[in-house]
Amino acid sequence: MPVKKKLQRKATSKKPTTKTTKRKPAARSKAAASQKLAALNLKKAFYNLTTAESYEHAVRNGEIQLTAAGPLNAVTTPHTGRSPKDRFVVREAYSENDVHWGKVNTEISEKHFDRLHQKMVAYLNKQDKLYVREVYACADPAYEMPVRFVSTSAWHMLFVKNMFRHKADLSNFEAEFTVLHAPELQANPKTDGVNSGTFIVLNLAKKMVLIGGTRYAGELKKSIFSSLNYLLPKQGVLSMHCSANVGSDRRTALFFGLSGTGKTTLSADPSRALIGDDEHGWSDNGVFNLEGGCYAKVIKLSQEAEPDIWAASHRYGTVLENVVLNPDRTLNLDSDAITENTRSAYPLNFNSNTDPDGMAGHPNHIVFLSADAWGVLPPISKLSLEQAMYYFLSGYTAKLAGTERGVTEPQATFSACFGEVFMVWDPTVYAEMLAEKMRKHNTQAWLVNTGWTGGPYGVGKRMKIGYTRAMVRAAVEGKLDGVATQTDPVFGLAIPTSAPEVPSEVLNPRDTWADKAAYDAQAAKLAAEFHKNFKRFEGSASAAIKGAGPISKG
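Below you will find a few notes about this structure. These numbers were taken from a predicted model, which means no experiment stands behind them. (Residues numbered from 1 in each chain as written. Predicted model: local features only at pLDDT ≥ 70, side-chain atom pairs only at ≥ 80, totals over all residues. Heavy atoms only, no water.)

### Some details on the sheet that holds strand S1 (residues 45-47)
Turning to step 1, where the next piece is worked out: Strand order in the open sheet formed by 8 strands is S1-S6-S7-S8-S10-S9-S4-S5, and the pairing between neighbours is mixed. In this open sheet, the two edge strands, each paired with only one partner strand, are S1 and strand S5 (106-108). If you compare each strand with its neighbour and ignore which way they point, the axes differ by 25° on average.
Turning to step 2, where the next piece is worked out: In the sheet, S1 pairs with strand S6 (residues 130-137) via 3 bridges, with the strands oriented parallel. Counted as the bridge partner of Phe46 is Tyr131 from S6.
Turning to step 3, where the next piece is worked out: The sheet contacts of helix H3 (residues 110-125) involve strand S4 (87-90), S5, S6, strand S7 (145-151), strand S8 (177-182), strand S9 (199-203) and strand S10 (208-212), and relative to S8 the element is tilted by about 65°.
Turning to step 4, where the next piece is worked out: In this fold helix H4 (residues 154-163) packs onto S6, S7 and S8, with an angle of close to 10° to the strand it touches most, S6. (Pairing = 2+ DSSP bridges. Helix = DSSP H or I, 4+ residues; strand = E, 2+ residues; numbered from the N terminus. Axes fitted to C-alpha atoms, helices over the stretch in contact; angles between N-to-C directions. Contact = heavy atoms within 4.5 Å.)

### Notes on unusual backbone geometry
Most peptide bonds adopt trans geometry, and most residues besides glycine take a negative phi value.
Turning to step 1, where the next piece is worked out: Each neighbour pair has its own omega, and for Thr77 with Pro78 the value is 5°, a cis peptide bond.
Turning to step 2, where the next piece is worked out: Take Pro78: it is sitting in the loop between strand S3 (72-74) and S4.
Turning to step 3, where the next piece is worked out: If you check the backbone angles, Arg250 has positive phi at about 70° while not being a glycine.
Turning to step 4, where the next piece is worked out: By secondary structure assignment, the location of Arg250 is in the loop between strand S11 (238-246) and strand S12 (252-257).
Turning to step 5, where the next piece is worked out: Positioned with a positive phi, Phe418 is a non-glycine residue whose angle comes to about 55°.

### Some details on helix H2 (residues 51-60)
Turning to step 1, where the next piece is worked out: What H2 keeps buried is the set Thr51, Ser54, Tyr55, His57 and Ala58.
Turning to step 2, where the next piece is worked out: Elements that come into contact with the buried residues of H2 comprise S1, strand S2 (65-66), S3, S6 and H4.
Turning to step 3, where the next piece is worked out: The positive-phi residue at the C-terminal boundary of H2 is Gly62, with phi of around 70°. (Buried < 20%, exposed > 50% of the residue type's maximum accessible area, 1.4 Å probe, protein only.)

### Notes on the nonpolar core
Turning to step 1, where the next piece is worked out: In this structure, Phe149, Ile224, Phe368 and Phe491 are the most contacted members of the largest nonpolar core, which totals 108 residues.
Turning to step 2, where the next piece is worked out: If sequence neighbours within four positions are ignored, Phe149 has contacts with Tyr131, Val132, Arg133, Val135, Met157, Val160, Phe164, Val179, Leu220 and Ile224.
Turning to step 3, where the next piece is worked out: Counting 23 residues, the second-largest nonpolar core is a separate cluster that includes Leu116, Val150, Leu185 and Ala187. (Core = buried A, V, L, I, M, F, W, Y, C linked by side-chain atoms within 4.5 Å.)

### Some details on the packing of aromatic side chains
Turning to step 1, where the next piece is worked out: Inspection of every chain in the model, using the stated rule, returns 27 aromatic pairs.
Turning to step 2, where the next piece is worked out: Cluster of aromatic residues (ring-pair linked, three or more members): Tyr390, Tyr391, Tyr396, Phe414, Phe491, Phe530, Phe534 and Phe537.
Turning to step 3, where the next piece is worked out: In this structure, Arg91 is placed above the aromatic ring of Trp101, and the distance from its NZ or CZ to the ring centre is 4.4 Å.
Turning to step 4, where the next piece is worked out: The side chain of Lys222 reaches across the aromatic face of Phe422, ending 4.4 Å from its centre. (Phe/Tyr/Trp six-rings, centres within 6.5 Å; stacked < 30°, edge-to-face > 60°. Lys NZ or Arg CZ within 6 Å of the ring centre and 35° of its normal.)

### Description of the sheet that holds strand S16 (residues 293-297)
Turning to step 1, where the next piece is worked out: The 5 strands lie next to each other as S2-S3-S17-S20-S16, forming an open sheet whose pairing is mixed. Of all strands in the sheet, those with a lone pairing partner are S2 and S16, marking the two edges.

### What to know about the pairing of strand S22 (residues 363-370)
For a regular strand, the rule is simple: side chains alternate between the two faces of the sheet.
Turning to step 1, where the next piece is worked out: Across the 8 residues that make up S22, a large majority, 7, are buried.
Turning to step 2, where the next piece is worked out: Pairing of S12 with S22, which is carried by 6 bridges, proceeds in the parallel orientation. Note that in S22 the partner of Thr252 across the bridge is Pro363.
Turning to step 3, where the next piece is worked out: As defined by bridge partners, S22 adjoins strand S26 (residues 444-449) across 6 bridges and the pair is classed as parallel. Bridge pairing links His365 to Gln444 in S26.

### Some thoughts on the side chain of Thr468
Turning to step 1, where the next piece is worked out: One can find Thr468 in helix H11 (residues 465-476).
Turning to step 2, where the next piece is worked out: Of the residues examined, Thr468 reaches a relative accessible area of 2% and is grouped as buried.

### Section: the packing of H2 against H4
Each pair of packed helices can be summarised by the angle the axes make with each other and by the distance between the axes.
Turning to step 1, where the next piece is worked out: At a minimum axis separation of 8 Å, H2 and H4 run at an interaxial angle of 155°. Compared by their axis directions, H2 and H4 come out roughly antiparallel. The interaxial crossing formed by H2 with H4 has left-handed handedness. The residues of H4 that touch H2, namely those facing Thr51, Ser54, Tyr55, His57 and Ala58, are Ala154, Trp155, Leu158 and Lys161. (Parallel < 35°, antiparallel > 145°, perpendicular 65-115°, else oblique. Left-handed = near helix turned anticlockwise from the far one by under 90°.)

### Quick look at the side chain of Gln444
Turning to step 1, where the next piece is worked out: Tracing the chain through its elements places Gln444 in strand S26.
Turning to step 2, where the next piece is worked out: A relative accessible area of 18% means that Gln444 is categorised as buried.
Turning to step 3, where the next piece is worked out: Among all residues touching Gln444, those that are not within four sequence positions of it are Asn364, His365, Ile366, Lys382 and Leu383.

Encoded structure:
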C-alpha cells in the first residue's frame, strides 16, 4: 500500500514529477551562479590542484599533519561532526511549498542569506590564496550536476577531489551549483539570522551553499547531498542515503543504515563490486552513485574485519580527519582522544573491487541495517512491502550506553529514511517513491540486526560479523528466497529458519536469551518505542503501513 500524500506544504504545491528527463540546468541558474562568482576576485585562486600540489599547499599553509603511512590528517576541532542546528534552508518562492520545514530544514530569510553572501564574498576577496575545485555529482550522465567549490583551505579541496567525480578536460566546465566555503569565517547571530558563528545555508533557487565557522569536511559533501535530495525527486529519481554493490550475476543490493550499523562494512564485500558507500539515486535506468569517493568512520578500525578501508586509510592521497597520531606519526585508530567520529576520505577506486561506472541495474534486494543494542530484533528477517515502508520511515538503530553523558542503558534512535537530517521533502515523499519502485521491479527488502544477541548490551554479545556477512550475502544472492520462515510474535517479522554458514539457533533472538522473561520485557519495551515514534506518521501513512509495525503495543 502506498504512503498517503499529506505534505507540510500549501495545497497548490506540486508533487515531484515522475518523468525521467536528462538533466539540463536552467539558463537562469547558470547565469545566477556566474553573477555570484563574478563578485569574487579569483585571480589569486588555484584551480583543480593535483594531489601532490594539494599536499604542498596544505603543508605550507599549516593546515594539516603529515602521517607516516601517507595520508594527510586534519584536526577540525571544535567541530568534529556536523552542526545540524546551524544548517538552514532559504525560504524563497521557488521551493518554499516543497520544503518540509521544521527542525531539520530550518528556514532563513532571503535578506539574511544575501547579507551572509556579501560577508562571505568580502572575506574571500581579502584572502591571499583561494582554492577552486570543479567536480561532478551523479554518475549517471542523464543527471550529472557540475559543482564548483571555492575555499580558503587546500586540504578541504583535496577532500572534495576525493569525494566527487572529476574529468580531465574542464575547458567547458560551467557550474550548476556553487559552494562557497570559509571555515574560519564567523557569522554574527544578532545580524545574520543564525544561531551561532557556524552556518551552513542552502539556497535552492540560486543553487548555492554558504559554509562558514566549521572545519569539519563532512559539511561539504552533505550540502550537495541535501541539494540533490531536493532536485532529484523532482525528476522522478529517488535519492537515498545508502550504500550499494553488485554481484557478478548483476544482482544489485542497497544497504540503508545509520552510523555504526555496518552500512560501509557490509557493502564492501570482496565478492561484489562496490557502486558506492553512502549516497545513491534510483532512476528509471537503475541505481547510480551520487559521489565518487568513500567517507568511512575509522574508530577502532580492524585490518581483519575491514581490509579495504584499512588499506585505503594508510594510503597516499587519503584525507583523514581527527585521527590521533603516535609520536612516530603512525595512526592510532583506537584512540578517541579527539573524537569518536574519526574519518577517512578516499577515492572509490582505492577499494579492491569497485564498479568503474558507478551505475548498475534496478536493485533485487534492499537491506535495512539496525544495530539493536537491546538484542531483541532478529538477526535477519524478510519484510513485506508494507513492513519495508514502516521500517524505512522508522529508520531505527540504538544508541549505546556510555556513548553520551547520562546514557546508562541503550536508547532507541529513529531517523526517517535512515537519513532524515539530509532530506528536504517530507519523508513520506521518499517512502512513496521507494514503494513504487520496489513494486515495479519486484524488489525484496530485509531487516538485519547487526547489534546484540543473547541479551542487551552489557549482558549479551554483538552478533559475529562473519554470521552477519553470511546472512546478508545469502539474502542478496537469492539463497533465502525459498527458505521457510517463522513469525516473530512481537514484531510480526518473518524469520528464516535456516541460512548458509549460520547456526540455526542464533536466528530466533528469543532462543539466544537464557532469561526468556527478560527477553519478553525488552521486546515489549522496544515495540512500544516503535509505536511511539510512528505516531508522527499517523496522518500520512496508510492503515496497511501503520499496521505493519510491531504486533505488541508494549
